[in-house]
Amino acid sequence: MAATVTLEPAGRCCWDEPVRIVVRGLAPEQPVTLRASLRDEKDSLFQAHARYRADARGELDLARAPALGGSFAGLEPMGLIWALEPEKPLGRLVKRDVRTPFAVELEVLDGHEPEAGRLLGRAVHERGFLAPGVRREPVRAGRVRATLFLPPGAGPFPGIIDLFGSGGGLCEYRASLLAGHGFAVLALAYFRFEDLPEHLEVVHLEYFEEAVDFMLQHPKVKGPGVGLLGFSKGGDLCLSMASFLKGITATVVINSCVANTLAPLHYKNMIIPDLGNDLKKHTRTESGFLNFRDIWNNPLEEPYQQSRIPLEKAQGPFLFIVGMDDCSWRSDFYALTASEQLQTHGKDRPQIIYYPETGHCIDPPYFPPSRVSVHAVLGLPIFYGGEPKAHSRAQVDAWQQILTFFRKHLNGKKSVKPSKM
């Protein structure tokens, strides 16, 4: 019997959009295995599978039918995407070239794995990173090395600068997806890219100031300020930008420290030292992966207080996205510290969203949770934490929270009141 795999939306959608998967033409109550696979730009294979049973009409709708086991269990309509696992251990699914989609092959097999039998049906589902009409423009302006993503239409659009963490390079996939929601987004590199420094030995805030100026002078970007979005090390850079630079309206940080980390920060005649760490305090998981959660010096203690970022100088609201199982550092403690620091200086509390069982690498929706991978700079397997199902749900919710926050605050009015949440 031939089965038909129907996808809604059909054919292609953006990576951060859900897809409805329905299989028709099965026998009543027929046991089947669904298998998903994709290859990234390096030809690395990622796969997921789940066991299901058709209903009395011979239909299988993943929005209504729970998985009976496999890569995941329970009602998970997008499980075949977020549960994709690398064939080679320690691999992480990232999008290196946003101009091309990922092609996900879906297969329906008779019976339940590992005894699953013949192929009953298949479909290919393309998940892209550039929504229709989104423009991608490489930026080489002065010292700035970046890519600007512009939504379709005449604009101007609310602007965001997007920073990633200590792996360096130029990561575009989050910025490109954000542009599909009506924002002009600058994916900004700051080391390990083209003629930028190969190592993060010192950071000059003037470089980031140049990026802010580029955005505010761009005819497609609506002022009077821009938003900042930063993950990990990129998060503490965003906090420093918001504290020292003009033209910042709203700031979102994902699992960030409240102190300057990894390299001294220079701005004009000021230097904020690196918080520092004690690598001897690392632990290892049962599998031997490195856990760095407890290696960092405490920014509330002397002499490390000098590394704290003066958030009280910042204008505009903050949103802290926190994974409660972040094993890279104590993001929950840092967010609480930031809140206390702001309130001590008469500022409004920042919005903090805590996600239980969620690790360090909070990506856009439906990316397979990265619990452990080889760090791009250290070359060592690092444990990031998180329970896959909870982490995946956190990614979906955090994405909506980020979009809502920026829509609320990047509204182009002359004064933006800090969030009271």
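Coordinates for the structure precede this section.
One numbering rule holds for all chains: residues counted from 1, following each sequence as written. Note on the predicted model: pLDDT of at least 70 is required for a residue's local features to be given, and 80 or more for side-chain atom pairs to be given and counted; whole-chain, interface and lining totals, by contrast, use all residues. As a rule here, side-chain values come from all non-hydrogen atoms in the structure, and water together with hydrogens is ignored.

J.: Explain the sheet that holds strand S10 (residues 135-141) to me, using residue names and the numbers behind them.
T.: We call two strands paired when DSSP finds no fewer than two bridges between them. Secondary structure elements are defined from DSSP: runs of H or I of at least 4 residues count as helices, runs of E of at least 2 residues count as strands, and each element is numbered from the N terminus. The sheet built from eight strands is open, its strands ordered S10-S11-S13-S12-S15-S16-S21-S22 with mixed pairing. Unpaired on one side and paired on the other, S10 and strand S22 (351-355) mark the two borders of the sheet. On average, adjacent strands in this sheet sit at an angle of 20° to one another, irrespective of strand direction. Taken together, the four bridges between strand S11 (residues 144-150) and strand S13 (residues 184-188) define a ladder with antiparallel strand orientation. Opposite Leu148, over in S13, you have Leu186 as the bridge partner. In what follows, a contact means two residues having at least one pair of non-hydrogen atoms within 4.5 Å. Structural elements are reduced to axes, namely lines fitted to C-alpha atoms, with helices fitted over the stretch in contact, and the angle between N-to-C directions of any two is expressed from 0 to 180 degrees. Seen against the sheet, helix H4 (residues 233-244) touches strand S12 (157-163), strand S15 (221-231), strand S16 (248-254) and strand S21 (318-323) and runs at an angle of roughly 145° to S15.

J.: Summarise the packing of aromatic side chains; cite the residues concerned and give the values.
T.: Working definition: a ring pair exists when centres of Phe, Tyr or Trp rings (six-membered ring for Trp) sit within 6.5 Å. Plane angles under 30 degrees give stacked, over 60 give edge-to-face, the rest tilted. Under the criterion given, the structure shown has 19 aromatic pairs. Ring geometry for Tyr190 and Phe191: centres 5.5 Å apart, planes at 50°, overall tilted. Whether a residue is buried, partly exposed or exposed follows from its accessible area with a 1.4 Å probe, protein chains only, as a fraction of its type maximum: under 20%, in between, or over 50%, in that order. On the basis of relative accessible area, Tyr190 is assigned to the buried category, the value being 9%. By relative accessible area, Phe191 is classed as buried at 3%. Judged by centre distance (5.8 Å) and plane angle (50°), the ring pair of Phe333 and Tyr334 falls under tilted. One aromatic cluster is present, formed by Trp15, Phe102, Phe129, Phe164, Tyr173, Phe231 and Phe367 through successive ring pairs. Placement of a positive charge over a ring is assigned whenever Lys NZ or Arg CZ falls within 6 Å of the ring centre and within 35 degrees of the normal to the ring plane. The cationic tip of Lys95 hangs over the ring face of Phe102; the distance from NZ or CZ to the ring centre is 4.8 Å. Across from the ring centre of Phe164, 4.0 Å away, lies the NZ or CZ of Arg174, which sits over that ring.

J.: Describe in detail the pairing of strand S8 (residues 102-110), supporting the description with residues and values.
T.: On any regular strand, side chains alternate: one points to one face of the sheet, the next to the other face. Sheet analysis places strand S4 (residues 31-39) next to S8, joined by six bridges and oriented antiparallel. Across the sheet, Ser37 pairs through a bridge with Glu105, a residue of S8. Inspection of the sheet shows S8 paired to strand S9 (residues 119-128) by eight bridges, in the antiparallel sense. The residue bridging Leu106 from the neighbouring strand is Ala123, located in S9.

J.: Could you give an account of the packing of helix H3 (residues 205-217) against H4, with specific residues and numbers?
T.: Close contact between H3 and H4 brings their axes to 11 Å; oriented N to C, the two are set at 75°. Considering their axes alone, H3 and H4 lie roughly perpendicular with respect to each other. Taken together, the residues of H4 that come into contact with H3 (itself represented by Leu205, Phe208 and Val212) are Leu237, Ser240, Met241 and Phe244. Here the term charged refers only to Asp, Glu, Lys and Arg, the term nonpolar to Ala, Val, Leu, Ile, Met, Phe, Trp, Tyr, Cys and Pro, and the term polar to all other amino acids, Gly among them. Along the lines of polarity and charge, the residues of the contact of H3 with H4 split into six nonpolar, one polar and no charged. Every angle not falling under 35 degrees, over 145, or within 65 to 115 is termed oblique; those three ranges are roughly parallel, roughly antiparallel and roughly perpendicular.

That is the geometry; function is a separate question.
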